[in-house]
Structure formats: structure tokens, C-alpha cells
Amino acid sequence: MRVGSLVTYVGEWIPHVFPEDKTREPRYGIVIEIDMYSQGTNVCVYWTDAEYSYWHEEYELSIVSE
């Protein structure tokens, strides 16, 4: 995973990021920043559906295209 990667969200539903129907799939986003020095939520993704960026842990994301 790197900045510019297209990802989909595979973690638990986050109501304030994905306010619509939680069963709607897939959710696509673009990685805009990776913090290599932090533990936990170190990947910032811009979610195109929500028009919002949010920090995630890597295990919550699946790479569609690098």
C-alpha cells in the first residue's frame, strides 16, 4: 500500500464516515497519506462516496490497485 493506492474498506461500519446504508458495498477511497512512525491508525484515506478523509489501520483496508 502506498500513497495514491485505490482501496476498499473491509472493517466495521463507521456511521460518521459512511452514514448511508451500512450494507452498501463496496466503499472506494484513495490513500492520501501514510504515517510510517505511528502505531495503529496510520493510513489516511479520502473516501469518494463520503467526500471525507479518515485515518484507518491497515487491516481495515483492502488494496484494489496500487
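Located above this text is the structure these notes cover.
Definitions and cut-offs
Residues numbered from 1 in each chain as written. Predicted model: local features only at pLDDT ≥ 70, side-chain atom pairs only at ≥ 80, totals over all residues. Heavy atoms only, no water. Phe/Tyr/Trp six-rings, centres within 6.5 Å; stacked < 30°, edge-to-face > 60°. Helix = DSSP H or I, 4+ residues; strand = E, 2+ residues; numbered from the N terminus. Buried < 20%, exposed > 50% of the residue type's maximum accessible area, 1.4 Å probe, protein only.

Time to look at the packing of aromatic side chains. As enumerated under the stated definition, the model contains two aromatic pairs in all. Judged by centre distance (5.9 Å) and plane angle (85 degrees), the ring pair of Y9 and W47 falls under edge-to-face. Taken together, the positions of Y9 in strand β1 (residues 6-9) and W47 in strand β3 (residues 43-47) put the pair 38 residues apart, joining distant regions of the chain. Summarising the burial analysis for this pair, Y9 and W47 share the class buried.

Let's shift gears to the environment of Y59. Position of Y59 among the secondary structure elements: in the loop between β4 (52-56) and β5 (61-65). Under the relative-accessibility criterion, Y59 is labelled exposed at 61%. Along the chain, Y59 and G40 lie 19 residues apart, while their C-alpha atoms are 9.7 Å from each other.

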